Amino acid sequence: QVQLVESGGGLVQPGGSLRLSCAASGSIFRINAMGWYRQAPGKQRELVTTITSTNNTNYADSVKGRFTISRDNAKNTVHLHMNSLLPEDTAVYYCNANLRPIGIIYNYNYWGQGIQVTVSS
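This report concerns the structure included in the present document. Just so it is clear, the model here is predicted, and its values are computed rather than measured.

This paragraph deals with the pattern of salt bridges. Under the criterion given, the structure shown has 4 salt bridges. The salt bridge partner of Arg38 is Glu46, with a shortest N-O separation of 2.7 Å. Taking the relative accessible area as the measure of exposure, Glu46 reaches 37% and is therefore partly exposed.

Structure representation (structure tokens):
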């Protein structure tokens, strides 16, 4: 059984910063890519950023230069450092991990429960 748990969301003023964290736990053999997605009210879930097991990163154009993803492989965690936040960054943020559970030969995608980020004055 695998679980992803996010933390660090909340309310921040425009121009402010937040750090989201996601910890993967359970019967994990190997974690491949990890990432963050977000879903604003009335919109589809969209990719924010991903990071591979060798620390190659990918960012949505809307967050390039403002957001930074990092991971700690020893702790099975991924972080999202968000700077210069804008009201349009308001959304529920979801952690994603592509991983291989122990005893399973395939990789699967797992999702966290989501965490609210609100950017407002």
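So, on to the state of the cysteines. When the sulfur atoms of two cysteines share a covalent bond, that bond is a disulfide. Applying the stated criterion across every chain yields a total of 1 disulfide. Cys22 shares a disulfide with Cys95; S-S distance 2.1 Å. Between Cys22 and Cys95 the disulfide shows an S-S torsion of about -80°. By sign, it is left-handed. With Cys22 in strand 3 (residues 18-26) and Cys95 in strand 9 (residues 91-101), this pair connects stretches of sequence that are 73 residues apart. Like Cys22, the residue Cys95 is buried in the burial classification.

Let's shift gears to the side chain of Arg71. Relative to the assigned elements, Arg71 resides in strand 7 (residues 67-72). Buried and unpaired, Arg71 has Asp72 as its nearest opposite-charge partner, separated by 8.2 Å. Among the polar contacts made by the side chain of Arg71, one reaches the main-chain carbonyl oxygen of Asn32 at a distance of 2.7 Å. A distance of 2.6 Å separates polar atoms of two side chains, one belonging to Arg71 and the other to Asn73. Not counting residues up to four positions away in its chain, the partners in contact with Arg71 are Ile31, Asn32, Ala33, Met34, Ile51, Thr52, Ser53, Asn55, Thr77 and Val78.

Our focus in this paragraph is the packing of aromatic side chains. Two numbers describe a pair of aromatic rings. These are the distance of the centres and the angle of the planes. Counted under the stated rule, the structure contains 1 aromatic pair. The interplanar angle of 65° and the centroid separation of 5.0 Å between the aromatic rings of Tyr37 and Trp111 together place this pair among those described as edge-to-face. One end of the pair, Tyr37, is in strand 4 (residues 28-39); the other, Trp111, is in strand 10 (residues 108-111), with 74 residues separating them in the sequence. With a relative accessible area of 22%, Tyr37 lands in the partly exposed category. Judged by its relative accessible area of 39%, Trp111 is partly exposed. The ring of Tyr94 is capped by Arg45, whose NZ or CZ atom sits 3.7 Å from the centre of that ring. Geometry around Trp111 places Arg45 over its ring, the cationic atom sitting 4.7 Å from the centre.

Criteria and cut-off values
- Residues numbered from 1 in each chain as written.
- Predicted model: local features only at pLDDT ≥ 70, side-chain atom pairs only at ≥ 80, totals over all residues.
- Heavy atoms only, no water.
- Salt bridge = Lys/Arg side-chain N within 4 Å of Asp/Glu carboxyl O.
- Buried < 20%, exposed > 50% of the residue type's maximum accessible area, 1.4 Å probe, protein only.
- Disulfide = S-S within 2.5 Å.
- Helix = DSSP H or I, 4+ residues; strand = E, 2+ residues; numbered from the N terminus.
- Lys, Arg positive; Asp, Glu negative; His and termini not counted.
- Polar contact = N/O pair within 3.5 Å; in protein donor to acceptor, adjacent residues only side chain to side chain.
- Contact = heavy atoms within 4.5 Å.
- Phe/Tyr/Trp six-rings, centres within 6.5 Å; stacked < 30°, edge-to-face > 60°.
- Lys NZ or Arg CZ within 6 Å of the ring centre and 35° of its normal.

Honestly, that's just the spatial picture; any functional story needs more than this.
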